[in-house]
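As a plain string of letters, each chain reads:
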Amino acid sequence: LAKTTQPISMDSYEGQEVNITCSHNNIATNDYITWYQQFPSQGPRFIIQGYKTKVTNEVASLFIPADRKSSTLSLPRVSLSDTAVYYCLVGDPPNSGYSTLTFGKGTMLLVSP
Amino acid sequence: SAVISQKPSRDICQRGTSLTIQCQVDSQVTMMFWYRQQPGQSLTLIATANQGSEATYESGFVIDKFPISRPNLTFSTLTVSNMSPEDSSIYLCSVGGSLNQPQHFGDGTRLSIL
């Protein structure tokens, strides 16, 4: 049973806000929700992590409803350089030191001019 | 954040040969991980490598095929042995996170087997 489910792909235009929703119906009490971004020919890069409610950093916002069975990554005013694959992960927080990350299939975001 | 360097960045190899991939980190880390990313696919964890102990392999990966070394806190190698075309993938190492630093990745080694 997949731990996370996300859209395979999304299209957007420069300047728009993009929201990518991830379903994780079987999230465990201690699981954190983490998003990574991967450009071609590069390793994944950490974007944001959260446990509940809303988290915001300089790159994105993460919205987590009370039941934590889904989460939404929000990218404000995307640019062409935001074209990448976005992975939603649930599990130990990636700053725990011992966590092993389980990647799902990811969402390919294509930003057009 | 720690800087991770992988060598080689890419290689083309003949089937039946073996290749050792190096992962160098510019700071001491306890946990290092090796992942495989097959063409067009997501990342799959191969093994976890702690310094001073044997690597722990995930289901579907065995030490004979993917021997790992972890001689110190800044370095690890992954060998892909007796390669076949099915081993054509990107192999990535990552280092475990800490309180202020999430787990992060090198840029991978793109391996093609003919």
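Not measured: the values here are computed from a predicted model. (Residues numbered from 1 in each chain as written. Chains lettered and ligands numbered in written order. Predicted model: local features only at pLDDT ≥ 70, side-chain atom pairs only at ≥ 80, totals over all residues. Heavy atoms only, no water.)

> Explain the interface of chain A and chain B to me, and be specific about the residues and the numbers.
With 19 residues of chain A at the interface, the matching set in chain B holds 21 residues. Regarding the contact of chain A and chain B, the summed buried area is about 1400 Å², with carbon and sulfur atoms giving 51% of it. Taken together, the connections running from chain A to chain B amount to 0 salt bridges. Put simply, chain A and chain B have 6 residue pairs in polar contact (both at pLDDT 80 or more) between them. When its residues are assigned to classes, the side of chain A that touches chain B shows 8 nonpolar, 10 polar and 1 charged. (Contact = heavy atoms within 4.5 Å. Buried area = accessible area lost by both parts, 1.4 Å probe. Salt bridge = Lys/Arg side-chain N within 4 Å of Asp/Glu carboxyl O. Polar contact = N/O pair within 3.5 Å; in protein donor to acceptor, adjacent residues only side chain to side chain. Nonpolar A, V, L, I, M, F, W, Y, C, P; charged D, E, K, R; others polar.)

> Residue-level account of unusual backbone geometry, with values.
Look at the link from K7 of chain B to P8 of chain B: it is a cis peptide, with omega at -10°. Within the fold, P8 of chain B resides in the loop between β1 (4-7) and β2 (10-13). (Helix = DSSP H or I, 4+ residues; strand = E, 2+ residues; numbered from the N terminus.)

> An account of the sheet that holds strand β7 (residues 70-75) of chain A is needed here, citing residue identities and associated values.
Residue and element names in this part refer to chain A. Taken in spatial order, the 4 strands of this open sheet run β2-β7-β6-β5, and their pairing is antiparallel. At either end of the open sheet lies a strand with only one pairing partner, and these are β2 (18-23) and β5 (53-56). Strand-to-strand twist in this sheet, taken as the mean axis angle between neighbours without regard to direction, amounts to 15°. Where β2 meets β7, 6 bridges bridge the pair, whose relative direction is antiparallel. Paired with V18 across the two strands is L75, which belongs to β7. (Pairing = 2+ DSSP bridges. Axes fitted to C-alpha atoms, helices over the stretch in contact; angles between N-to-C directions.)

> Can you break down the environment of P93 of chain A residue by residue, with the values?
The topology assignment puts P93 of chain A in the loop between β8 (84-91) and β9 (107-112). Expressed as a C-alpha distance, the spacing of P93 of chain A and S74 of chain A, which sit 19 residues apart in the sequence, is 19 Å.

> So what's going on with the state of the cysteines? Which residues, and what values?
Taken as a whole and assessed by the stated rule, the structure comprises 2 disulfides over all chains. Between the sulfur of C22 of chain A and that of C88 of chain A lies a disulfide, 2.2 Å long from S to S. Measuring the twist about the S-S bond at about -80°, one finds the C22 of chain A-C88 of chain A disulfide to be left-handed. Separated by 66 residues along the polypeptide, C22 of chain A in strand β2 and C88 of chain A in strand β8 bring together distant segments of the chain. Residue C22 of chain A shares its accessibility class with C88 of chain A, and that shared class is buried. One disulfide in the model links C23 of chain B with C93 of chain B; its S-S distance is 1.9 Å. Looking along the S-S bond of the C23 of chain B-C93 of chain B disulfide, the torsion reads about 60°, which is the right-handed sense. Of the two residues, C23 of chain B is situated in strand β3 (residues 19-25) and C93 of chain B in strand β9 (residues 89-95); the sequence distance between them amounts to 70 residues. Residue C23 of chain B shares its accessibility class with C93 of chain B, and that shared class is buried. (Disulfide = S-S within 2.5 Å. Buried < 20%, exposed > 50% of the residue type's maximum accessible area, 1.4 Å probe, protein only.)

> Hey, could you go over the packing of aromatic side chains for me, with residue numbers and the actual values?
Counting across every chain of the model gives 10 aromatic pairs over all chains. Ring geometry for Y36 of chain A against F46 of chain A: centres 5.8 Å apart, planes inclined by 80°, an arrangement best described as edge-to-face. Pair noted here: Y36 of chain A is in strand β3 (residues 32-38) and F46 of chain A is in strand β4 (residues 45-50), with a separation of 10 residues, a long-range link. For the pair F61 of chain B and F66 of chain B, a centre-to-centre distance of 5.6 Å together with 65° between the ring planes defines the contact as edge-to-face. The exposure class assigned to F61 of chain B is buried, which follows from its relative accessible area of 8%. Within the aromatic cluster, the residues linked to one another by ring pairs are Y36, F46, Y87 and F103 of chain A together with Y35 and F105 of chain B. (Phe/Tyr/Trp six-rings, centres within 6.5 Å; stacked < 30°, edge-to-face > 60°.)

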